[in-house]
Amino acid sequence: METVGIGLVGCGTVGSGLVRNLSAANRLLQQRLGVGLEIRAIAVRDPSKKREGLPVPPGADWKAVVSHPSVQIVVELLGGTTESFEVAKAALAAGKPLVTANKALLAERGQELIPLAQKARVPIYFEASVAGGIPVLKALREGLVANQLLGLHGIINGTCNYILSRMAEEGSSFAAALQQAKELGYAEADDRLDVDGIDAAHKAAILCLLAYGFLPPFAKVPVEGIRKLEAQDVSFARQLGYVIKLLAVVRPVGSDRVDVRVAPTLIPARHPMASVHGVFNAVSLVGNL
């Protein structure tokens, strides 16, 4: 049985989820592919922080993880765009495939990172950066590769969808729904990335890259979050036969332009996207075939 060694850089919510679920996933991988995965080195910002169930003791030096002789794949889960970029660059320079869930890194520094990967002929995998477990990036990259994409739109921030669901179902205020999301661990203490639409805009930029072949200049992407929404807005929408969702939209405009934006959007209550509640995501793709 072949075993592939993983070096994990960052072990917060996503990293700990990877550690927790890897053993069950390994059983399927071994049955279906004859290959197992093993975490052989971990780097975190604070090694003194108590963490349960790690397969190896974590260290603070991510360079030691990348250069570890038994690490064949580097998984970057630090977040941000500075140190994470250095990790990614080092992994590519070492000839080790990079797996990342870091949408900010890809959206804001992908113009630098992608040429490095091409030059090194080392792949970057980032399915987990958009829409959680939905394999939408693989669908764009492979399943729909022969299609001309006529547009896509999606609910791609679970925190905002949870807040809007609470406001619609319980009549909660935005502040009360946000506080509940924080208590349940859906929203970070610094909620700006989620509720101001920035996280969804990062993901929309990545979808644009795969659907239309370029990363939009992130600073020019129109972004509006849900912070200004009130319970009254949600109530009026329902009376008119709509629900409000934070929607990311990527669509061609004319023959040579693509519109990329994120904003609260009225969706007809009969539309399938209107039935997506809680922290769940959904993406709709339309191809010419």
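In case you missed it, the structure is sitting above this.
As the structure is a prediction and not an experimental result, all values here were calculated from the model.

Caption draft 1: Spatial organisation of the sheet that holds strand 5 (residues 124-125). Spatially, the five strands line up as an open sheet ordered 2-1-3-4-5, and their pairing is parallel. The sheet terminates laterally at strand 2 (35-43) and strand 5, the two strands that pair on one side only. Bridge count for strand 3 (residues 73-76) against strand 4 (residues 98-100) is three bridges, and the pairing is parallel. Each residue of the ladder has a partner; that of Glu76, found in strand 4, is Thr100. Sitting on the sheet, helix 3 (residues 83-93) is in contact with strand 1 (2-9), strand 3, strand 4 and strand 5, with an inclination near 170 degrees to strand 3.

Caption draft 2: Structural view of the packing of aromatic side chains. In this structure the tally under the stated criterion is one aromatic pair. Over the ring of Phe85 we find Arg109; its NZ or CZ atom is 3.8 Å from the centre of that ring. Above the plane of the ring of Tyr162 lies Arg166, whose end atom (NZ or CZ) is 5.1 Å from the centre.

Caption draft 3: Layout of helix 1 (residues 13-33). Its maximal kink placed at Leu22, helix 1 deviates by approximately 50 degrees. Turning to helix 1, its buried residues number three or more, namely Gly15, Gly17, Val19, Leu22 and Asn26. A positive phi of about 75 degrees marks Gly34, the residue just after helix 1.

Caption draft 4: Fine view of the nonpolar core. Val74, Leu113, Val130, Ile163, Met167, Leu207 and Ile226 are the most contacted members of the largest nonpolar core, which has 64 residues in total. Setting aside residues up to four positions removed in sequence, Val74 forms contacts with Gly7, Val9, Val66, Val87, Ala91, Lys96, Pro97, Leu98 and Val99. Residues Val19, Ile39, Val56 and Ala101 belong to the second largest nonpolar core, which totals twelve residues.

Cut-offs and rules
Residues numbered from 1 in each chain as written. Predicted model: local features only at pLDDT ≥ 70, side-chain atom pairs only at ≥ 80, totals over all residues. Heavy atoms only, no water. Pairing = 2+ DSSP bridges. Helix = DSSP H or I, 4+ residues; strand = E, 2+ residues; numbered from the N terminus. Contact = heavy atoms within 4.5 Å. Axes fitted to C-alpha atoms, helices over the stretch in contact; angles between N-to-C directions. Phe/Tyr/Trp six-rings, centres within 6.5 Å; stacked < 30°, edge-to-face > 60°. Lys NZ or Arg CZ within 6 Å of the ring centre and 35° of its normal. Bend = angle between axes of the 7 residues up to and from the residue. Buried < 20%, exposed > 50% of the residue type's maximum accessible area, 1.4 Å probe, protein only. Core = buried A, V, L, I, M, F, W, Y, C linked by side-chain atoms within 4.5 Å.

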